[in-house]
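# Secondary and tertiary structure notes
Here is what each chain is made of, one letter per residue.
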Amino acid sequence: MHGSLAENAALLDALRARAGAGTCQIGVCVPFPYLAQAQALLDGSAVSWGAQDISVHDKGAYTGEVSAAMLKDFGCRWALAGHSERRAMHGETDELVAQKARTALAAGLTPVVCVGETLAEREGGNTLGVIERQLEPILALGAQSLNHLVLAYEPVWAIGTGRTATPEQAQEVHGAIRVALRGLGVPQVRILYGGSVKAANAAELFAMPDIDGALVGGASLVADEFLRIAAI
């Protein structure tokens with residue numbers, strides 16, 4: 001929950017001007033009030049845009065919710081689903097996250113489905129068990145759906161804390177996810193790493209065989225830093 005019309009204009013103008021159409025795909029997921037601004041400033045550029053959440057409802061008496069059709073109206077390509085803050089602060093369950101992913105897919109949006117463990121879960125040796133539980137209803141969507149979504153591993157203990165999973169820690173989880181995807185015949189599904197990603201650590205993370213990119217948090221608010229990550 002960052003930004004203002006003026007701050008956004010400076011950031012998005014910089015991204016539009018300097019993000020080339022290279023091999024790296026760049027998207028920004030902005031707060032709902034700024035979707036129109038993102039559409040206006042990024043349309044026709046190499047940068048796509050999307051939302052930080054999505055409702056499972058199409059329309060009706062769901063005050064405060066934002067539907068997939070509304071996101072499509074503003075040219076969105078992406079919708080985050082199951083970000084750790086939504087899970088922790090709003091009680092979103094694994095099943096609800098899967099419903100959100102399904103809703104996004106039905107509307108032609110690409111859901112970026114987030115999974116990750118807390119510090120207590122990691123220290124308790126339950127990281128892979130937590131990831132398996134969170135992924136279960138997502139994998140149950142089937143290969144056809146999985147082919148059209150993106151997964152993001154974001155250890156909760158590394159989000160906004162300055163702590164980053166080591167490349168080896170991140171790879172262990174990404175590798176386990178890849179094994180599960182391979183078992184369903186969809187090993188090519190992209191898996192991003194999120195958690196205090198910055199230009200200083202991105203290269204080491206991206207060197208891991210199963211890390212396909214990054215779900216960038218605070219560093220995405222600084223154009224130079226974000227573009228340095230994208231250029232790696």
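Looking at an unreviewed UniProt entry, one finds the protein chain named Triosephosphate isomerase and attributed to Bordetella bronchialis. The heading Sequence similarities (unreviewed entry) in the UniProt record of the protein chain holds the text "Belongs to the triosephosphate isomerase family."

## Observations regarding the side chain of Asp210
Along the chain, Asp210 falls in the loop between helix H10 (199-206) and strand E7 (213-214). Owing to a relative accessible area of 14%, Asp210 belongs among the buried residues under this scheme. Setting aside residues no more than four positions away along its own chain, Asp210 makes contact with Gln171, His174, Gly175, Arg178 and Ile191.

## Re the UniProt feature "active site" (unreviewed entry) in the protein chain
As recorded in UniProt, the sites labelled "active site" (unreviewed entry) are His83 and Glu154. Across 72 residues of sequence, these annotated residues stay compact in space, with a maximum C-alpha separation of 8.3 Å. By relative accessible area, His83 is classed as buried at 16%. Dropping the residues within four chain positions of it, His83 is found in contact with Cys114 and Glu154. Residue Glu154 is classed as buried on the basis of its relative accessible area, which comes to 3%. In terms of polar contacts, Glu154 uses its side chain to reach the backbone amide nitrogen of Ser84, at 2.7 Å.

## A few points about the sheet that holds E7
What the seven strands build is an open sheet, ordered E1-E2-E3-E4-E5-E6-E7; its pairing is parallel. With one partner strand each, in any of the chains shown, strand E1 (26-30) and E7 form the two edges of the open sheet. With four bridges connecting them, strand E4 (residues 110-115) and strand E5 (residues 150-153) associate as parallel partners. Across the sheet, Val113 pairs through a bridge with Leu151, a residue of E5. Taken strand by strand, helix H5 (residues 94-106) contacts strand E3 (78-81) and E4, and its axis lies near 165° from that of E4.

## Here's the deal with unusual backbone geometry
Backbone geometry places Ser196, a non-glycine residue, at a positive phi of 55°. Within the secondary structure, Ser196 sits in the loop between strand E6 (191-193) and H10.

## Some thoughts on H10
Because each turn of an α-helix spans 3.6 residues, side chains separated by three or four positions end up pointing in the same direction. Here H10 has its buried residues at Ala199, Asn201, Ala202 and Leu205. Buried residues along H10 cover an arc of 155° about the axis, so they all sit on one side. Seen from the open side of H10, the exposed residues pointing more than 90 degrees away from its buried face are Ala200 and Glu204. The inward-facing, buried residues of H10 contact helix H9 (167-183), E6 and helix H11 (223-231).

## Some words on the packing of helix H1 (residues 5-18) against helix H2 (residues 35-42)
Between H1 and H2, the shortest axis-to-axis distance is 10 Å and the interhelical angle comes to 30°. Compared by their axis directions, H1 and H2 come out roughly parallel. Seen along the crossing, H1 lies across H2 with a hand that is right-handed. In contact with Leu5, Asn8, Ala9, Leu12, Asp13 and Arg16 of H1, H2 contributes Gln37, Ala38, Leu41 and Leu42. By residue class, the composition of the contact of H1 with H2 is six nonpolar, two polar and two charged.

Parameters and conventions
Residues numbered from 1 in each chain as written. Predicted model: local features only at pLDDT ≥ 70, side-chain atom pairs only at ≥ 80, totals over all residues. Heavy atoms only, no water. UniProt positions renumbered as here; feature names shortened; annotations may be inferred. Helix = DSSP H or I, 4+ residues; strand = E, 2+ residues; numbered from the N terminus. Buried < 20%, exposed > 50% of the residue type's maximum accessible area, 1.4 Å probe, protein only. Contact = heavy atoms within 4.5 Å. Polar contact = N/O pair within 3.5 Å; in protein donor to acceptor, adjacent residues only side chain to side chain. Pairing = 2+ DSSP bridges. Axes fitted to C-alpha atoms, helices over the stretch in contact; angles between N-to-C directions. Arc of directions from axis to C-beta. Parallel < 35°, antiparallel > 145°, perpendicular 65-115°, else oblique. Left-handed = near helix turned anticlockwise from the far one by under 90°. Nonpolar A, V, L, I, M, F, W, Y, C, P; charged D, E, K, R; others polar.

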